[in-house]
Amino acid sequence: MAILVTGGAGYIGSHTVAELLERGEEVVVIDNLLTGHREALLGGKLYEGDLRDKVTLNKLFSENKIDAVIHFAASSLVGESMKDPVKYYDNNVYGTQCLLEAMQQAGVDKIVFSSTAATYGEPEKVPIEETDRTEPANVYGETKLTMERMMAWFDKVLGIKYVALRYFNAAGAHASGKIGEDHRPESHLIPLVLQTALKQRESIAVFGDDYPTEDGTCVRDYIHVSDLADAHVRAVNYLRSGSASNIFNLGNGLGFSVKQVIETAKKVTGLDIPVVIQERRAGDPAVLVASSDKARSVLGWNPQHADVEGIIQSAWNWHSANPQGYGE
């Protein structure tokens, strides 16, 4: 029996494929390669296609014995979602509907879903817990929450069990150095900082230094991508054991400010990283830190890369060896 990974050629998807392969799982991947990279796949059987293409999806399910699905395929840029909501509802929500429909027809009843901390919006308290209010502040977060609600109804009505993993800032790269983070355009802080160290950018922009935090810059919870991959595999095994549908936060429970990340990157690289302070961005909460107590106790998940210096070092190993990303 195989595990289907949608969006498996993407950043977190490819690391999860690698984790599954290391554990001896048979892996099938579907990815339209619009943002993913064929070179990021260390194995598995790839179907190049879109979840909204029902012919390709049904072919995939008919040609493979799928035991469970790990669902990453989605558009995920907050700024873009506020300019093009049609794209986000079509790709994220309708794409998930097509996937669940194909699963139902094929008799596949387990799905682990890549959700997001953006479902919470402005947090009521820190650290954020799974039972806290969900009030997304952007279209991206709203589509992910809609996908969660869709899965809850598919469970109640059709018996398709799901785990939604709401995670925070994915970072770092695989220990082998073979795969890492290559988004185009790049929007994540750590790779942007490292691109500045590599002189691919003149400076790194810090959006606001007047927040009510220790050094005035936003504080975020950074989680190593390999720890995320481990959590997805644990969630599949949780469903395989017959457990009920569930939602888990994934984070280190530790917050690091933008300035701390930049200073740590200077230390790791030994290079100068020019900084430009700009105005705050609308909708940026001062602090976003997760409580992962539930994932630790229920899934037995224990992040192995809690130290931000280690996370940045693994990312630097990838970026310095692959300054132009994949296929260059």
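Residues numbered from 1 in each chain as written. Predicted model: local features only at pLDDT ≥ 70, side-chain atom pairs only at ≥ 80, totals over all residues. Heavy atoms only, no water.

1. Some thoughts on the nonpolar core
No. 1: Grouped together as the largest cluster of nonpolar side chains are 33 residues, with contacts concentrated most on Val-5, Ile-12, Ile-70, Val-112, Val-163, Leu-165 and Leu-250.
No. 2: Those elements giving two or more residues to this core turn out to be β1 (2-6), α1 (11-22), β2 (26-31), β4 (66-71), β6 (161-167), α7 (225-240), β11 (246-250) and α9 (293-299).
No. 3: Here this core gets eight residues from one element, more than from any other, and that element is α7.
No. 4: Counting only domains with at least three residues in this core, you end up with domain 1 (2-171 + 223-249) and domain 2 (189-221 + 253-321).
No. 5: Here Val-163 is in contact with Ile-111, Val-112, Phe-113, Ala-235, Tyr-238, Leu-239, Asn-246 and Phe-248, once residues within four sequence places are set aside.
No. 6: With 28 residues, the next largest nonpolar core counts Val-28, Ile-30, Ile-111 and Phe-154 among its residues. (Core = buried A, V, L, I, M, F, W, Y, C linked by side-chain atoms within 4.5 Å. Buried < 20%, exposed > 50% of the residue type's maximum accessible area, 1.4 Å probe, protein only. Helix = DSSP H or I, 4+ residues; strand = E, 2+ residues; numbered from the N terminus. Domains from an automatic or database assignment. Contact = heavy atoms within 4.5 Å.)

2. Some words on the domain arrangement of the protein
No. 1: For the protein, the domain assignment lists domain 1 (2-171 + 223-249) and domain 2 (189-221 + 253-321).
No. 2: Listed as interface residues are 24 residues of domain 1 and, on the opposing side, 21 residues of domain 2.
No. 3: By the criterion of area lost to domain 2, the three top residues of domain 1 are His-224, Asp-227 and Phe-248, representing 24% of everything that side buries.
No. 4: Inspection of the region where domain 1 meets domain 2 yields zero salt bridges.
No. 5: The tally of links between domain 1 and domain 2 comes to twelve residue pairs in polar contact (both at pLDDT 80 or more).
No. 6: Those elements that provide at least two residues to the side of domain 1 that touches domain 2 are β7 (169-171), β10 (222-224), α7 and β11.
No. 7: Ranked by residues supplied to the side of domain 1 that touches domain 2, first place goes to α7 with seven residues.
No. 8: Here the residues of the side of domain 1 that touches domain 2 are counted per class, giving twelve nonpolar, six polar and six charged. (Buried area = accessible area lost by both parts, 1.4 Å probe. Salt bridge = Lys/Arg side-chain N within 4 Å of Asp/Glu carboxyl O. Polar contact = N/O pair within 3.5 Å; in protein donor to acceptor, adjacent residues only side chain to side chain. Nonpolar A, V, L, I, M, F, W, Y, C, P; charged D, E, K, R; others polar.)

3. A short note on the pattern of salt bridges
No. 1: For the structure shown, the criterion picks out 23 salt bridges.
No. 2: When the shortest N-O distance is used, the salt bridge between Arg-52 and Asp-50 registers 2.9 Å.
No. 3: Residue Asp-230 pairs with Arg-234 through a salt bridge whose shortest N-O separation is 2.9 Å. A residue pair is termed a helical-turn pair when its members lie 3 or 4 positions apart in one helix, as Asp-230 and Arg-234 do in helix α7 at four residues.
No. 4: The exposure class of Asp-230 is buried, given its relative accessible area of 12%.

4. Quick look at the UniProt feature "domain: NAD-dependent epimerase/dehydratase" (unreviewed entry) in the protein
No. 1: Per the UniProt annotation, the sites labelled "domain: NAD-dependent epimerase/dehydratase" (unreviewed entry) are residues 3-251.
No. 2: The span residues 3-251 shows a helical share of 38% and a strand share of 20%, and its end C-alpha atoms are spaced 24 Å apart. (UniProt positions renumbered as here; feature names shortened; annotations may be inferred.)

5. Describing the packing of aromatic side chains
The geometry of an aromatic ring pair comes down to the distance between the two centres and the angle between the two planes.
No. 1: Taken as a whole and assessed by the stated rule, the structure comprises two aromatic pairs.
No. 2: Judged by centre distance (4.8 Å) and plane angle (45°), the rings of Trp-318 and Tyr-326 are tilted. Across this residue pair, the class does not change: Trp-318 and Tyr-326 are buried.
No. 3: Sitting above the plane of the Phe-248 ring, Lys-294 keeps its charged end 5.2 Å from the centroid. (Phe/Tyr/Trp six-rings, centres within 6.5 Å; stacked < 30°, edge-to-face > 60°. Lys NZ or Arg CZ within 6 Å of the ring centre and 35° of its normal.)

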